[in-house]
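# Report on the structure
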Amino acid sequence: MDEGTSRIRRRVSVRKRNRPSLEILFAAPTADELKPSDDQKEEEEEEEEMAAGSPRRKAVGVPPAENNDSEEDMFGDYDSFAENSLIAQVDDLEQKYMQLPENRKHDTDLATEDLCSENIRNNQLSITTIGSFTELKTDEHTKKQSGHEDVSIKPGADLLYELPSSQVLYFENLQNSSNEFGNQSTKERDWNSSSHKTINEELPQNSIEQPQQNDEFSSKDRTSSDVNRRKSLKDHLKSAMTVNAKAQIPIFSRTKQLKETHLSEEINVAKKTIESSSDDVGPFYSLPSKVRDLYVQLKGIEKLYEWQHTCLTLNSVQERKNLIYSLPTSGGKTLVAEILMLQELLCRRKDVLMILPYVAIVQEKISGLSNFGIELGFFVEEYAGSKGRFPPIKRREKKSLYIATIEKGHGLVNSLIETGRISSLGLVVVDELHMIAEGSRGAVLEMTLAKILYTSKTTQIIGMSATLNNVGDLQEFLQAEYYTSQFRPVELKEYLKINDAIYEVDSKAENGMTFSRLLNYKYSDALKKMDPDHLVALVTEVIPNNSCLVFCPTKKNCENVAEMICKFLSKDYLKHREKEKQEIIKNLKSICSGNLCPVLKRTIPLGVAYHHSGLTSDERKLLEEAYSTGVLCLLTCTSTLAAGVNLPARRVILRAPYVAKEFLKRSQYKQMIGRAGRAGIDSAGESILILQEKDKQQALELISRPLENCYSHLVQEFTKGIQTLFLSLIGLKIATHLGDIYHFMSGTLFGVQQKILLKEKSLWEITVESLKYLTEKGLLQNDTILTEKGLTQKDSSYKSEEWFQYSFHITKLGRASFKGTIDLAYCDILYRDLQKGLEGLVLESLLHLIYLTTPYDIASQCDPDWMIYFKQFNQLSPAEQNVAALVGVSENYIGKKASGQAIKKTVDKDIVNRLYLSLVLYALLKETSIWSVSEKFNMPRGYIQSLLTAAATFSCCVLHFCEELEEFWVYKALLVELTKKLTYCVKAELIPLMEVTGVLKGRAKQLYNAGYKSLAHLANANPEVLIKTIDHLSRRQAKQIVSSAKMLLNEKAEALQEEVEELLRLPADFPPVEKA
Ligand SMILES: Nc1ncnc2c1ncn2[C@@H]1O[C@H](COP(=O)(O)OP(=O)(O)OP(=O)(O)O)[C@@H](O)[C@H]1O
Ligand SMILES: [Mg+2]
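The rules behind each value
Residues numbered from 1 in each chain as written. Chains lettered and ligands numbered in written order. Predicted model: local features only at pLDDT ≥ 70, side-chain atom pairs only at ≥ 80, totals over all residues. Heavy atoms only, no water. Helix = DSSP H or I, 4+ residues; strand = E, 2+ residues; numbered from the N terminus. Buried < 20%, exposed > 50% of the residue type's maximum accessible area, 1.4 Å probe, protein only. Areas by Shrake-Rupley, 256 points an atom, 1.4 Å probe, with all protein chains shown as cover. Pairing = 2+ DSSP bridges. Axes fitted to C-alpha atoms, helices over the stretch in contact; angles between N-to-C directions. Near = heavy atom within 4 Å. Polar contact = N/O pair within 3.5 Å; in protein donor to acceptor, adjacent residues only side chain to side chain. Nonpolar A, V, L, I, M, F, W, Y, C, P; charged D, E, K, R; others polar. Domains from an automatic or database assignment. Contact = heavy atoms within 4.5 Å. Left-handed = near helix turned anticlockwise from the far one by under 90°. Core = buried A, V, L, I, M, F, W, Y, C linked by side-chain atoms within 4.5 Å. Phe/Tyr/Trp six-rings, centres within 6.5 Å; stacked < 30°, edge-to-face > 60°. Lys NZ or Arg CZ within 6 Å of the ring centre and 35° of its normal.

What follows deals with the overall build of the protein. Helices and strands together make up the secondary structure of the protein, namely 53 helices and 20 strands. Relative to its 1076 residues, the protein shows a buried fraction of 59%. Taken as a whole, the protein presents about 44300 Å² of accessible surface, with 50% of it coming from carbon and sulfur.

Here's what the structure looks like:
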């Protein structure tokens, strides 16, 4: 914990928060393995793309590199399909409500009511005066206590009636056993009472009370519910919500009440503190001490590291200046960001946006923070994949923590700017800030931050990373202070392996390394041949008792290495946690509809698995969980794992210094080895980079050179960067004059780095040219006066005051492209395709619609298997073949391709490829089994899953595109449905469960089969019961599922409540009644 190296570097920002005046601004594997076969070469290219973060990918036979789970979504913009008109929603609800069987209705109402009242209780925490609050609660407590006791000891029939069948079974067993063993052992009773306690806490107040009611009571209740049912839903909702609002605080134990009173008191004190001064006088960094308790309880964090304390108490942080901080991997950066977010939510009462790089990490964070939200009274909202509303729901009391991927974060910021709500965002946190230098996603991150800086002077920005080098540029861009330290709680030792010698990386040594030891191993001749790099020797030094990750350059290599290692592991490894491993295999089979990958079938019994984007997200999740709990001790993986979910290891082995064919970058190397030795889990960590002689020199440079610089991709990513930015600046009216747009550009990271990045043209020229291009494309229109000489002038370097005033507005096509977040490279093709579709859309099947929403960029990278294409084509019905003919693909062409004949006629390859991918998606929607489609098209299932996600995303984008163009009104209803189908691609009954963060298809099926059929079921579930009734569900996961479900139900209930109120409110602009 040496903080000696810690330093605070404050730069006097070149620019202050307010922009400067324009004048100022103007001034490998084994050698053999690394020689790729044709097949492997292609795989490597994908990996390369993946490493570069490119959204483009090779397909079919050359499956995409992206890990679907960690793949970014392009679900960029407004999910209006989720926001049908309120009236329609209320109508809908009313219909559903009428159809609900009485008991279910009752159940749902109770659950919702309870959560609402909890919600209100939480709201009250921050607004009620302490005295009356305590008083009220004490009364309540005494009144309700007896109800508690009854339920927990012996759940009554009515209670069981409300529970899912598996829980009923469980309680029945419990009851039977307690009857059987009249005198239970103390232990059993203890267990019972602890489970009772959980039930008290988990079950809604009304459900708890229920067992006390006698039949008469219940029938009365039913009669009144009948009456209620006859009322309109609107009335019902209104009265239910009003009752809730006035409801007494639900029963909780006295300690809990006291704690809550205390919490409320502390929040008030903290609020006042924040309002009145910047001194930290709150019990826990201005926050209630409950926050500290939660960290101990939920994360096992007892005390902050010294650097965390220093950082949190920096003057600049207290003054809410923008901040960048950088520490080694595993340094504990997240905690600092979380405390600052909680301060913003609870004390300053503003919303917070946290941007994370991958969908999987967003989901992990949602699960981790939902509990905090429930306990402390704020919403945690997911903006990833197809989830998230634009603009977000306006909350009355509680604040929201939006956790978003880069694209979704951008959409959210756009929607807040558009609705004039950007200042409601108090804080934006960007994790892995170095992503700003990664292709189009980096460009999107940069424009998001630039827009916030430009439009909201009160929104604080905080960025963190372990791999930053040119911090000065980022500081200048974000006008931020900088904090850095070399602290790492668990020492990480870096080693290099050359032949059978191991060297320790040592910056003081002459060539950067010192000899450490010789590898101790006894290899048979066969093993020597199969494992020339001594992987078996290296991994067996740590497994099975400690965990090990082996990073491999390609996906194929991951599988090969896993199999090779398993071939040579002793039989003893089979015995280690044998039963649990069998369970994993069973579970894998069950989530894969009876299928099992043959490689995993061989490796899992030895505690080994591979992990890459060829697996479905369900499979990956299961393997990750098994690895985290130590049942699997070795994962062979690609570089995506380094940036993906948090999977630490005692030893990390880099099988070769390559990602695909590219030599490792320093930042990639750092991220990979950073998985070794995580705080709280390992006491030590080590990394071993395996080197061939030929790579030695380059590797020595790698370990000693500084990290790579972050450079802006805003201009390089032309259609997805600067053009998209300009379109949205004008569309959102952030800047509409040439001068303002130029001014905006000067404030971006690109603007800061223009001297390095611009060689031939100036920033002014680039700005003018991009605007010209957008105008020529019909996406923008320039406003009158200057048209004559203005942008039509050839010399774009010409700059005058007059030019500064030159203004633009967005055309309909421009708005549609911007709202649909369509890559501008494809917006005119999309328009043409949709227009053509209007002339003869085949609606006999979904194929034509699917074709229209198959992503162009993936299609352009696809490489069909012509034999399969031909076979599938022939199986199409005449109507389906008609779709092919309409879009311009003939059977003749595919037949010729399949038989390898030369084709004279020029055919649009992109169309043919696009139809091929449409056939894959079409099969998927018909069969819903990724496995069978994967077999049929000979494509990796992970690829098919990514394709599906991308198609769902694009379908939603096309929908928003159509919404802006009257001529395409007919597509709207069709695309709403198609998007839903593509998004879930499961049986309708699983959809409500899959809405809960972290519940994927396999888990949803298990839960459904166990009787958990709705969100309310999950929100009211007892995690202890869940782990006993659902196979392979850890306590941690069960708790996360329940708290995420609670959070979601809570959000939905509150949203409904708000909508009802909005609906019943007299409009502010209601015309005054004229006096007669
Ligand atoms: N004060 C603390 N005491 C104990 N454990 C801590 C503390 N702070 C953080 N940790 C734990 O350390 C681990 C690593 O922290 P975290 O994920 O924040 O690292 P990081 O700096 O973000 O690393 P990376 O750059 O790899 O993402 C986590 O498991 C976290 O719970
Ligand atoms: Mg981190």
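Here eight strands make up an open sheet; going across it, the order is E11-E10-E9-E18-E15-E12-E14-E13 and the pairing mixed. Of all strands in the sheet, those bounded by a partner on one side alone are strand E11 (513-518) and strand E13 (608-611). Averaged over neighbouring strand pairs, the angle between their axes works out to 25° when direction is ignored. For strand E15 (residues 651-654) and strand E18 (residues 685-691), the ladder comprises four bridges, and the chain directions are parallel. By the bridge assignment for E18, leucine 654 is matched with leucine 689.

We now examine the site of ligand 1. Around ligand 1, a shell composed of 18 residues is seen, among which Lys303, Gln308, Ser330, Lys333 and Thr334 lie nearest. Within the side chain of arginine 675, a nitrogen or oxygen atom sits 3.5 Å from an oxygen atom of ligand 1. For ligand 1, whose accessible area on its own is 640 Å², the fraction buried by protein is 83%. Along the lines of polarity and charge, the residues of the shell around ligand 1 split into seven nonpolar, six polar and five charged. Formed jointly, the shell around ligand 1 draws a minimum of three residues from each of two domains, domain 1 (289-484) and domain 2 (491-702).

Before going further, it helps to examine the environment of alanine 437. Within the secondary structure, alanine 437 sits in the loop between strand E6 (425-430) and helix H20 (439-455). The spatial distance from the C-alpha of alanine 437 to the C-alpha of glutamate 708 is 10.0 Å, given a sequence separation of 271 residues. With residues near it in sequence (within four places) discarded, alanine 437 still touches Gly442, Cys710, Tyr711 and His713.

Bringing the packing of helix H42 (residues 866-874) against helix H44 (residues 891-898) into the picture now. H44 packs onto H42 with a crossing angle of 145° between their chain directions and a minimal axis gap of 8 Å. Considering how the two elements wind past one another, H42 and H44 form a crossing that is left-handed. Across the interface between the two elements, Trp866, Met867, Tyr869, Phe870, Phe873 and Asn874 of H42 pack against Glu891, Tyr893, Ile894, Gly895, Lys897 and Ala898 of H44. For the contact of H42 with H44, the residue count by class is eight nonpolar, two polar and two charged.

Turning our eyes to something else, we now look at the nonpolar core. Core analysis: the biggest nonpolar cluster contains 189 residues, and Tyr325, Leu449, Tyr869 and Phe961 have the highest contact counts within it. The leading source of residues in this core is helix H47 (residues 941-963), at 13 residues. Those residues in contact with tyrosine 325 that lie beyond four places of it in its chain are Trp307, Lys333, Val336, Ala337, Ile462, Gly463, Met464, Ser465 and Tyr483. Listed in part, the 79 residues of the second largest apolar core include Val536, Ile591, Leu634 and Cys637.

Per the stated rule, a full pass over the model turns up 22 aromatic pairs. Taken together, a centroid distance of 5.6 Å and an interplanar angle of 90° make the contact between tyrosine 383 and tyrosine 402 edge-to-face. Taken as a pair, tyrosine 383 in strand E4 (residues 379-383) and tyrosine 402 in strand E5 (residues 400-404) lie far apart in primary sequence, 19 residues in all. Both residues of the pair, tyrosine 383 and tyrosine 402, count as buried. Cluster of aromatic residues (ring-pair linked, three or more members): Trp866, Tyr869, Tyr893, Tyr916 and Phe937. If you follow arginine 914 out to its NZ or CZ, it ends over the ring of tyrosine 851, 4.6 Å from the centre.

Here we come to the side chain of threonine 811. With respect to the element layout, threonine 811 can be found in the loop between strand E20 (808-810) and helix H38 (812-819). Its relative accessible area of 13% is what places threonine 811 among the buried residues. A polar contact is formed between the side chain of threonine 811 and the backbone oxygen of glycine 778, at a distance of 2.6 Å. There is a polar contact of 3.0 Å between the side chain of threonine 811 and the backbone nitrogen of glycine 814. If we ignore the near neighbours within four places in the chain, the residues touching threonine 811 are Gly778, Leu779, Leu780 and Gln781.

For the rest of this paragraph, the subject is unusual backbone geometry. The peptide bond linking phenylalanine 390 to proline 391 adopts the cis configuration, its omega dihedral lying at -10°. Despite not being glycine, arginine 577 shows a phi value in the positive range, around 45°. Within the secondary structure, arginine 577 sits in the loop between helix H25 (572-575) and helix H26 (578-591).

Our focus in this paragraph is helix H50 (residues 1001-1009). Turning to H50, its buried residues are Gly1002, Arg1003, Ala1004, Gln1006 and Leu1007. Looking one or two places after H50, you find glycine 1011, whose phi comes out positive at around 105°.

With that settled, consider the pairing of strand E9 (residues 492-498). Note on strand geometry: in a regular strand, side chains alternate between the two faces of the sheet. The buried count for E9 comes to five of seven residues, which makes it a mostly enclosed element. Examined bridge by bridge, E9 and E18 share seven bridges and lie parallel to one another. Counted as the bridge partner of glutamate 494 is serine 687 from E18. Examined bridge by bridge, E9 and strand E10 (residues 501-505) share four bridges and lie antiparallel to one another. Bridge pairing in E10 links leucine 496 to tyrosine 503. Connecting E9 to the next strand, E10, in antiparallel fashion are two residues, including asparagine 499 with a positive phi near 55°.

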